[in-house]
Amino acid sequence: MARKMIRVLLVEDEEIHRVMARAAVKAAAGTEDDVLDLAENGAAAVRRVREVAPYDLILMDRQMPVMDGHEATRRIRAMGVTTPIVAVSSDGLPADVEAFIGAGADYFTPKPLSKEKLGNILAKFGLT
């Protein structure tokens, strides 16, 4: 049975991590039918979540200009959005992970995002 198309919002300000995430989504999903939308900072992410059709998954960086990932996560949750938010950050100290989870993230994975990590994330949230 074919897997349903998924919509992913990647919130990341660094081009190299956007390129790697695009490749990971394509490799993990095994199809080009999935939609990967990009937001370059937390404020843009909040705007996209408000204005675009619902996402199945949000991948959120922490350190970004304009609005960081913690604040964006809090604002998205304050809008009543229940979409899984996965923190993807190089800041993996326990205090950083706890801060993201406290802001409303469902899960944390360290950068870089790989096919294997994304495959595990998709499975964890029933998106495979």
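Please refer to the structure placed before this passage.
Residues numbered from 1 in each chain as written. Predicted model: local features only at pLDDT ≥ 70, side-chain atom pairs only at ≥ 80, totals over all residues. Heavy atoms only, no water.

Novice: I would appreciate a short explanation of the overall build of the protein in the present structure.
Specialist: Counting secondary structure elements, the protein contains 5 helices and 5 strands. Going from N to C terminus, the protein has its helices and strands arranged as β-α-β-α-β-α-β-α-β-α. The C-alpha atoms of the protein give 13 Å as radius of gyration, which agrees with the globular expectation for 128 residues (14 Å, within 12%). Oriented by its inertia axes, the alpha-carbon framework of the protein measures out at about 40 × 30 × 25 Å. A buried classification covers 45% of the 128 residues belonging to the protein. Pairs at least 24 residues apart make up 66% of the contacts formed inside the protein by residues separated by at least 6 positions. For the protein, the accessible surface area stands at approximately 6400 Å², while carbon and sulfur atoms represent 53% of it. The average position of the 17 basic charges and that of the 19 acidic charges among the side chains of the protein differ by 3 Å. (Helix = DSSP H or I, 4+ residues; strand = E, 2+ residues; numbered from the N terminus. Rg over C-alpha atoms; globule rule 2.2 N^0.38 Å. Buried < 20%, exposed > 50% of the residue type's maximum accessible area, 1.4 Å probe, protein only. Contact = heavy atoms within 4.5 Å. Areas by Shrake-Rupley, 256 points an atom, 1.4 Å probe, with all protein chains shown as cover. Lys, Arg positive; Asp, Glu negative; His and termini not counted. Charge placed at Lys NZ, Arg CZ, Asp CG, Glu CD.)

Novice: Just to check I follow, could you spell out the sheet that holds strand S4 (residues 85-89) for this structure?
Specialist: Remark on secondary structure: sheet strands pair via backbone hydrogen bonds, oriented parallel or antiparallel. Ordered in space as S2-S1-S3-S4-S5, the 5 strands form an open sheet in which the pairing is parallel. At either end of the open sheet lies a strand with only one pairing partner, and these are strand S2 (35-39) and strand S5 (107-110). Across the sheet, the axes of successive neighbouring strands diverge by a mean angle of 20°, strand direction being ignored. Sheet topology places strand S1 (residues 7-11) next to strand S3 (residues 57-60); 4 bridges connect them, and they run parallel. What sits directly across from Leu10, in S3, is Leu59. Packing against the sheet, helix H5 (residues 115-124) makes contact with S3, S4 and S5, and its axis sits at approximately 170° to S5. (Pairing = 2+ DSSP bridges. Axes fitted to C-alpha atoms, helices over the stretch in contact; angles between N-to-C directions.)

Novice: Could you clarify how one ought to interpret the nonpolar core in this entry?
Specialist: One recurring pattern in soluble globular proteins: nonpolar side chains tend to sit buried together. Membership of the largest hydrophobic core comes to 21 residues, with the highest contact counts inside it found for Leu9, Val11, Val49, Ile58, Met60 and Ile76. Per element, the largest residue contribution to this core is 5 residues, and it comes from helix H2 (residues 42-51). Residues contacting Leu9, with those up to four places away along its chain left out, are Asp37, Leu38, Ala39, Ala45, Arg48, Val49, Tyr55, Leu57, Ile58 and Leu59. Counting 15 residues, the second-largest nonpolar core is a separate cluster that includes Leu10, Ala21, Val25 and Leu118. (Core = buried A, V, L, I, M, F, W, Y, C linked by side-chain atoms within 4.5 Å.)

Novice: Could you clarify how one ought to interpret the environment of Arg75 in this entry?
Specialist: Mapping Arg75 onto the fold places it in helix H3 (residues 69-78). With a relative accessible area of 41%, Arg75 lands in the partly exposed category.

Novice: Is there a simple way to explain the environment of Phe108 in this structure?
Specialist: Within the element layout of this structure, Phe108 appears in strand S5. In this structure Phe108 comes out as buried when scored by relative accessible area, which is 13%. Note: C-alpha distance between Phe108 and Val97 (11 residues apart in sequence) is 6.5 Å. Beyond its immediate stretch of four places on either side in the chain, Phe108 contacts Ala87, Ser89, Asp91, Gly92 and Val97.

Novice: How do you make sense of empty space enclosed by the protein when you look at a structure like this?
Specialist: If a probe as big as a water molecule is rolled over the atoms, it shows which places are left empty. The tally for this structure, following the rule as stated, stands at 1 cavity of 30 Å³ or more. The computed volume of the largest cavity comes to approximately 90 Å³. Counting only elements with at least two residues in the lining of the largest cavity, the list comes to S1, helix H1 (15-29) and S3. In terms of residues, the lining of the largest cavity owes the most to one element, H1, which gives 3 residues. (1 Å grid on protein atoms, 1.4 Å probe; cavity = no way out; pocket = protein on both sides within 12 Å on 5 of 7 lines; lining within 4 Å. Points joined across faces, edges and corners; volume = space filled by probe spheres on them.)

So far we have only geometry, and geometry alone does not tell us how the molecule works.
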